[in-house]
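Structural characterization, general
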Amino acid sequence: MKKIIKYCFIFLIALIPEGCETDAVNVKVPDFEQKLVVTGFISPSDTVSYIFVTSNWPIYGLVKTDQSIGRLSGSISDGVNTAPLDTFRKGMKFDQSRFKINYGKKYNLSIRNDRGLSVEATCQIPERRPFVIMADTAWLPMRHGWAMNEKSLQMIVKVKDIGNEENFYNVGSKGIISGKLPSGELIRHSFNNYEEVKSDKGLDGQELEWQIDTGFRDYARLISAEITIYLYHTEESYYLYHRSLEKYHDNGNPFAESTPVYSNITGGLGVFTSYTVDSLIFSIK
Amino acid sequence: MKKFFAASFLLFLAFLLHGQAVKHTISGFVREDVSGESLIGVNIYVPSFKTGTTTNTYGFYSLTIPQSGTIELVFSYVGYNSETFQVQADRDVEFNVSLKPGVVLGEVTVKGDRIEKQSESVKMSTVNLQPRQVKNVPSLLGEKDVLKVLQLMPGVQKGSEGNSGIYVRGGGPDQNLIILDDAIVYNASHLFGFFSLFNGDALKSVELTKGGFPARFGGRLSSVLEMNMKDGNREEWNGEGGIGLISSRLTVEGPIKKGKSSLLVSGRRTYADIVMKPFILKFSDENTGYYFYDLNAKVNYDLGQRDRLYLSGYFGKDKFYLKNKSQGVIENVGFLWGNSTGTLRWNHLFNNKLFANTSFIYSSYQFGIYDKYKVVTEEKDFYAEYYSGIRDLSLKYDLDFIHSTRHWFKAGGLMIFHRFKPHAFIEVDVPANINIRSFKVTEGVESGLYAEDTWQPVESFKVNAGLRFSHFIASKNQYHFLEPRLSAAWRFSNDLALKASYASMNQYIHMISGTGISLPTDLWVPTTDRIRPQQSRQVAMGLVKDLKSPEISVSLEGYYKTMQNVLGYREGASFLELDEAGSGLGVNWEDNVTAGKAWSYGAEFLIQKKTGRFTGWVGYTLSWTQMQFDSLNFGKKFWARYDRRHDISVVGTYRIKDRITISGTWVYGTGNAVTLPLSDYTALYHNPLRSEYGIPPGEELPFLFGDRVSDYSEKNNFRMRAYHRFDLGIQFHKQKRWGERTWEISFYNLYNRKNPFYYYTEEESVNGNELYGRLKQVSLFPIIPSVTYSFRF
């Protein structure tokens, strides 16, 4: 549907005579202010949790994307215990053997550099929930790409939402499928999918469904498959951040107001959020 | 308490009845001499009593004065010869008057010596336009446009380049009540807002009220634009029209039954699609085009001395289409939008003081997008359609009770049945096994009751006080408010007045727009159980001075307006977002909007000359507009997109000779506030199933991959460059045997100023492998000459 609206603006854009695009002169562009960009997705199932730290960069004048972030230091705290963070090439990390991330607990992150930049953020790990993952397969028209008229093996994944609370989810899958072509040639097809984030708004306590396209097309005969399904139960900030990234690239309207990417980092950019993982192994022989 | 009210009522009655026995009423209708067209706002003055009145919307007047012998009545109206009559005032008299146009070849002249002065009227914050004024102002591509002329008045701002949307005293375009013959017009623009849908040839009067709203108006926060169509010539058939670069128009009017009934039909259509079609088909498989048309029609009929019926309607449509047929695939894509209105009005004169109008009104606005895709060889179809709209059915009743020259009461009521279709969506994709049909209809009932009195207790003081009770029924909740209104004018001297006003307004329907410009995609939605009505309070104060020679009026006004529950899209929300992706929520526009507050204040200066060889005005507005939403800009205040510190308009028309008129317009405005990116960064996604990126040697790490995104910091953090432009037009008139013709040559943006329409950022390679970022500007209209041929027969 969104391609339709793009057609809609063809005419309007066509009204803009060629040659009316010029450098903006006599305009003072905004000054660059360096900020730390922090991205952390932590989970009780991690052995090591990583907090990526980078920098924004100026877009007016000479564009230098490799802005130095200086020497970093930081800590993570659950309100009682505080652990210093170790550094690695892309930011900071902590080993859960020294500082354990627990279900339902709140954690505060603090990072600073030697140039006076500092950020703070908070996340709360989702509670442990007894999710039951149900999965089945079906041959359905392909959902993506140029071969939409052909059928592929698809996973139908269902999870019952926990009622009377806000929940946010994501589903991932990976697997290997073996098949045989009409020529008799054996093939192995591997895939790795990560779906769009979901909220239970409007579906509280009901069954949520995902349709995962494995990409294994029906011109080959299925011999066997081993597929692992992951259910990620996430914080709201995880959902808001990923939704804002999807919207950022897919507004559908070239004249729409700018869409900022969600951030819960005080003093900087990015997100510090959490998730828990449940999984199911699905086999076909 | 009851005794107090009873005593007050008796006192009031006694006051009204005081002097009744010795007074007589002169009443009647004022019409144009040649056509029989009723004239609105004609000034009627009785020099011997130093008092007077004006005609109402239907040309009716009533003047109650003490018993006397023969008195002199002066009828005057801008653009018409003043007429003085001797009337025997020893009894009630019905006295109908015809005024002769004093217009020669488009010039506005008043040959009488007295028209109503600005300083005498209790109205403030009001702009009156004569359609003929509109015809003199140079315009883009020669298309005369009422709304664009209103944009040249202080307190009224344009949105972006070429756009006909109006922003009044910091209010959004949805906060303007645009009425054509009592019918609400929801989308007043053609071609993405570049042209308004009001065809000046069919209009009789245009009045914009920016503040000090009388109680009879309600339902919008910022302005009321009231337009009335011509009734049609009752005496003879005539017409006018024009041929322009992008459209042509024709208006025909005449009597159905001479002196008793008349008809007017006016139409306009663009023809770029027809002209370009052969060329497009020659070079491309795609047949693409755009057109708009509008049609106004009105008929009226006298049922007797006291009753008159009017039936009027407007129908307009814009359509953009693209048809592609190649390699066995037929694709048909397009979008269209249009308004239609219909009004049936019944005027009834109960007696020489009491006039009533009853209106049944239909109004509708529809917007739609369609995409049909067919693979002929495989018989595979894809079909999608999206549309939104609003449809109103209204009943309106208004009473004018002109008790005396000191009291003019108005009272009445309005009930509107709204039917909203915020969005309907159909998607049929047979191969993909998709068949979605999603419709949602919301209804609401809006009503209002009002009473107001224009009271002149002494010659130097006039007040209009009123109260409006407004009510809206949403699905479960009901909202109702009392809206007090007050305007007062105190004349210090014969030509200097101090005016002040207060108005409380409520708005029950809202337009949400995800863009900075007026687009047909803007969505009309009602107040609901979750979305509260918009509310405003506005105070204004001003000075008006009328100079006699030359006849110039000067006004200075200041205002302060607060607005509550103003709606906007949430960040990232879109009208095409039919459901919240990744949730179980279906079609619910309420989740896509957020409510906030706004403040606007400023000062407006206007110096205007309406008569003589040279006419025109200079308007200056100094204003500030800020907004605050919990869900936008992190809850912090920000400047509204159309916050404009300085706005200047200079408009002049000079009749060099009887046959040549030259006109010019210069406008200047502070740049719009827009959101520009401050910097860029990489935003990382989370996908723990991959492991290729960012892994320190020897460490297990989930894969994180990212996108380059921009940091916008604060909303509307940047000012565009100031906007200014000069337009020039020259009209050559000539009388012909069959009537009159006018050639107009005009230049839009004569000095070819490259005004910014929007900005974007662009990077280019420098020094081999380095990137350099620039802010680029897109301008819309360079100098655009145009030629228009107009005729009147």
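Just so we're clear, the structure is a prediction, and the values are computed from it rather than from any experiment. Along every chain, residues carry numbers that run from 1 in the direction the sequence is written. By the order in which they are written, chains take letters starting at A while ligands take numbers starting at 1. Per-residue local features are limited, in this predicted model, to residues with pLDDT of at least 70; the limit for side-chain atom pairs, both in listing and counting, is 80 or more; totals at the level of whole chains, interfaces and linings are taken over all residues. Where side-chain values are given, they derive from all heavy atoms of the structure, hydrogens and water being excluded.

**Here's the deal with the overall build of chain A**
Put simply, DSSP H or I for four residues or longer makes a helix, DSSP E for two residues or longer makes a strand, and each gets a number counted from the N terminus. Along chain A, the regular secondary structure elements total three helices and 19 strands. When accessible area is computed with a 1.4 Å probe and restricted to protein chains, residues below 20% of their type maximum are described as buried, those above 50% as exposed, and intermediate ones as partly exposed. Going through the 285 residues of chain A one by one, you find that 51% of them count as buried. A fraction of 68% describes how many contacts in chain A between residues 6 or more apart in sequence connect residues 24 or more apart. With residues, only the protein chains shown are counted as cover, and all accessible areas are computed by Shrake-Rupley using a 1.4 Å probe. Taken as a whole, chain A presents about 13400 Å² of accessible surface, with 48% of it coming from carbon and sulfur. The contact criterion used is simple: two residues touch if any of their non-hydrogen atoms lie within 4.5 Å.

**Observations concerning the overall build of chain B**
A tally of regular secondary structure across chain B gives four helices and 49 strands. Considering only intrachain contacts with a sequence separation of at least 6, the fraction spanning at least 24 residues in chain B is 65%.

**Quick notes on the packing of aromatic side chains**
A pair of aromatic rings is counted whenever rings of Phe, Tyr or Trp (Trp by its six-membered ring) have centres within 6.5 Å, and the orientation is called stacked for planes under 30 degrees apart, edge-to-face for over 60 and tilted otherwise. Enumeration over the complete set of coordinates arrives at 44 aromatic pairs over all chains. These aromatic residues form a ring-pair network of at least three members: Phe41, Tyr194, Tyr230, Tyr232, Tyr238, Tyr241 and Tyr275 of chain A. The ring of Trp639 of chain B is capped by Arg645 of chain B, whose NZ or CZ atom sits 4.8 Å from the centre of that ring. Criterion for a charge above a ring: Lys NZ or Arg CZ within 6 Å of the ring centre, and within 35 degrees of the ring normal. Sitting above the plane of the Phe638 of chain B ring, Lys715 of chain B keeps its charged end 5.6 Å from the centroid.

**Remarks on the environment of Ile473 of chain B**
Tracing the backbone through its elements, the reader meets Ile473 of chain B in strand E29 (residues 461-473). In the structure, Ile473 of chain B is positioned 27 residues away from Glu446 of chain B in sequence and 6.6 Å away in space, judged by C-alpha atoms.

**Let's talk about the confidence of the model for chain B**
All names here are of chain B. As a per-residue quantity, pLDDT reports the predictor's confidence and falls between 0 and 100. For chain B, the mean per-residue pLDDT works out to 84, and 88% of the residues sit at or above 70. Contacts from residues 8-21, a stretch scored under 50 in pLDDT, to residues over four places away or in other chains number eight contacts. Contacts of residues 691-700 to residues separated by more than four positions or lying in other chains number 23 contacts, the stretch itself having pLDDT below 50. Across the whole predicted complex the pTM is 0.81, and at the interface the ipTM reaches 0.89.

**Structural notes on empty space enclosed by the protein**
Residue and element names in this part refer to chain B. Method remark: on a 1 Å grid restricted to protein atoms, a set of points is classed as a cavity if a 1.4 Å probe fits but cannot get out and as a pocket if it is open with protein on both sides within 12 Å along at least five of seven lines; lining residues have an atom within 4 Å of a point. Grid points are joined across faces, edges and corners, and a volume is the space filled by probe spheres set on the points. Applying the stated criterion to the full structure yields 14 cavities of 30 Å³ or more. One number sums up the size of the second largest cavity: a volume of about 300 Å³. Every residue lining the second largest cavity is counted, 27 residues in all, and those nearest its centre are Lys148, Gln151, Leu152, Lys158 and Arg725. Breaking the lining of the second largest cavity down by element, the ones donating at least two residues are helix H3 (146-150), strand E39 (646-657), strand E40 (660-669) and strand E45 (723-736). Element by element, the count of residues in the lining of the second largest cavity is highest for E40, at four residues.

**Observations regarding the pattern of salt bridges**
Residue and element names in this part refer to chain B. Any Lys or Arg side-chain nitrogen found within 4 Å of a carboxyl oxygen on Asp or Glu counts as a salt bridge. Enumeration according to the criterion identifies 46 salt bridges over all chains in this entry. Lys204 is the salt-bridge partner of Asp231, the closest N and O atoms lying 3.3 Å from each other. Here Lys204 lies in strand E16 (residues 203-209) and Asp231 lies in the loop between strand E17 (223-229) and strand E18 (238-243), a separation of 27 residues in the sequence. Judged on exposure class, the residue Asp231 and its partner Lys204 are both buried.

**Digging into the sheet that holds strand E12 (residues 133-141) of chain A**
Residues and elements named next belong to chain A. On the basis of which strands lie adjacent, the open sheet formed by three strands has the order E12-E13-E17 and antiparallel pairing. On the outer flanks of this sheet lie E12 and strand E17 (207-217), each paired with one strand and no other. Between one strand axis and the next, the sheet turns by 25 degrees as a mean value, whatever way the strands run. Of the strand pairs in this sheet, E12 and strand E13 (residues 151-160) are connected by nine bridges, and their pairing is antiparallel. Residue Leu140 lies in a different strand from E13, and its bridge partner there is Ser152. Two strands are said to pair when DSSP picks up at least two bridges between them. Between the N-to-C directions of two axes lies an angle of 0 to 180 degrees, each axis being a line fitted to C-alpha atoms and, for a helix, fitted only over the stretch in contact.

**Some details on the pairing of strand E19 (residues 247-257) of chain B**
Residues and elements named next belong to chain B. Pairing between E18 and E19: six bridges, direction antiparallel. What sits directly across from Gly242, in E19, is Arg249. In sequence, E18 turns back onto E19 through a hairpin of three residues. Sheet analysis places E19 next to strand E20 (residues 261-270), joined by ten bridges and oriented antiparallel. Within E20, the residue paired with Gly254 across the bridge is Leu263.

**Focus on the side chain of Ser38 of chain B**
All names here are of chain B. Note on placement: Ser38 falls in the loop between strand E1 (23-32) and strand E2 (43-46). Pairing of N or O atoms within 3.5 Å defines a polar contact, subject to two protein rules: one partner must be a possible hydrogen donor and the other a possible acceptor, and residues neighboring in sequence count only if both atoms are side-chain atoms. Side-chain polar atoms of Ser38 contact the side chain of Lys204, separated by 2.9 Å. Looking at Ser38, its side chain comes within polar contact range of the side chain of Asp231, at 3.0 Å. If we skip the residues at most four places from it in the chain, Ser38 touches Val30, Arg31, Tyr58, Gly59, Lys204, Asp231 and Arg308.

**What to know about the nonpolar core**
In summary, soluble globular proteins display a tendency toward joint burial of nonpolar side chains. Only buried residues count toward a nonpolar core. Its members are Ala, Val, Leu, Ile, Met, Phe, Trp, Tyr and Cys residues joined through side-chain atoms within 4.5 Å. If you look at the biggest cluster of nonpolar residues, it comprises 87 residues, and the most contacted ones within it are Leu150, Phe198 and Met227 of chain B. If you look at the next biggest cluster of nonpolar residues, it comprises 24 residues, including Met92, Phe99, Ile111 and Cys123 of chain A.

**Brief notes about a nonpolar patch on the surface**
Residue and element names in this part refer to chain B. Together, Tyr301, Leu303, Leu309, Leu311, Leu344, Trp346, Phe360, Tyr362, Leu393, Leu395, Met415 and Phe417 line one region of the surface with nonpolar side chains, adding up to about 1100 Å² of accessible area. Counting residues per element, the ones that place at least two in the nonpolar patch are strand E22 (307-326), strand E23 (329-349), strand E24 (354-375), strand E25 (380-402) and strand E26 (407-429). Mapped onto the secondary structure, Leu311 falls in strand E22. Surface patches are drawn from residues lacking salt bridges whose relative accessible area is over 30%; two like charges belong together within 9 Å, two nonpolar side chains (Val, Leu, Ile, Met, Phe, Trp, Tyr) within 5 Å.

**Some remarks on a positive patch on the surface**
Residues Lys657, Arg659, Lys734, Lys736 and Arg737 of chain B make up a contiguous surface patch of positive charge. Considering the arrangement of structural elements, one finds Lys736 of chain B in strand E45. When charges are tallied, Lys and Arg are placed among the positive residues and Asp and Glu among the negative ones, while His and the ends of the chain are skipped. For this purpose, a charge sits on NZ of Lys, CZ of Arg, CG of Asp or CD of Glu.

**Remarks on the sheet that holds strand E5 (residues 70-76) of chain B**
All names here are of chain B. Read from one edge to the other, the open sheet built from four strands follows the order E3-E2-E5-E6, with strand pairing classed as antiparallel. Both outer strands of the open sheet, strand E3 (51-54) and strand E6 (83-88), are each paired with one neighbouring strand and no more. Taking the axes of each pair of neighbouring strands and ignoring which way they run, one obtains an average angle of 25 degrees across the sheet. Pairing of E2 with E5 involves three bridges; the strand directions are antiparallel. Counted as the bridge partner of Asn43 is Ser76 from E5.

**Focus: unusual backbone geometry**
Residues and elements named next belong to chain B. For Lys50, which is not a glycine, the phi torsion comes out positive at approximately 50 degrees. Positionally, Lys50 belongs in the loop between E2 and E3. Its relative accessible area of 53% is what places Lys50 among the exposed residues. The backbone of Asn749 sits at a positive phi, close to 60 degrees, despite the residue not being glycine. Counting through the fold element by element, Asn749 comes out in the loop between strand E46 (739-748) and strand E47 (756-766).

**Concerning the confidence of the model for chain A**
Summary statistics for chain A give a mean pLDDT of 85 and a share of 88% for residues scoring 70 or more. Confidence drops under pLDDT 50 across residues 1-5 of chain A; counting only partners more than four residues distant or on other chains, this segment forms 18 contacts.

**Re the side chain of Lys230 of chain B**
Residue and element names in this part refer to chain B. Looking at where Lys230 falls in the secondary structure, it is placed in the loop between E17 and E18. What makes Lys230 buried here is its relative accessible area of 17%. Side-chain polar atoms of Lys230 contact the side chain of Glu240, separated by 3.1 Å. Setting aside residues no more than four positions away along its own chain, Lys230 makes contact with Glu37, Asp201, Ala202, Leu203, Lys204, Glu240, Glu253, Leu264 and Lys298.

**With respect to the pairing of strand E14 (residues 168-180) of chain A**
All names here are of chain A. With ten of 13 residues buried, E14 lies mostly within the body of the structure. Strand direction decides the pairing type here: E14 and strand E16 (residues 198-199), joined by two bridges, are antiparallel. From the neighbouring strand, Phe168 faces E16, where its bridge partner is Ser199. Judged from the 13 bridges that link them, E14 and strand E18 (residues 221-234) form a sheet pairing that is antiparallel. Note on E18: the bridge partner recorded for Ser173 is Ile229. Counting the residues in the hairpin turn of E14 and strand E15 (residues 186-194) gives five residues, including Gly184, whose phi is positive at 95 degrees.

**What about the environment of Leu245 of chain B?**
All names here are of chain B. Along the chain, the position of Leu245 falls in the loop between E18 and E19. By relative accessible area, Leu245 is classed as partly exposed at 47%. C-alpha of Leu245 to C-alpha of Leu141: the two residues are 104 residues apart in sequence and 6.5 Å apart in space. Not counting residues up to four positions away in its chain, the partners in contact with Leu245 are Leu141, Tyr271, Pro785, Ser786 and Val787.

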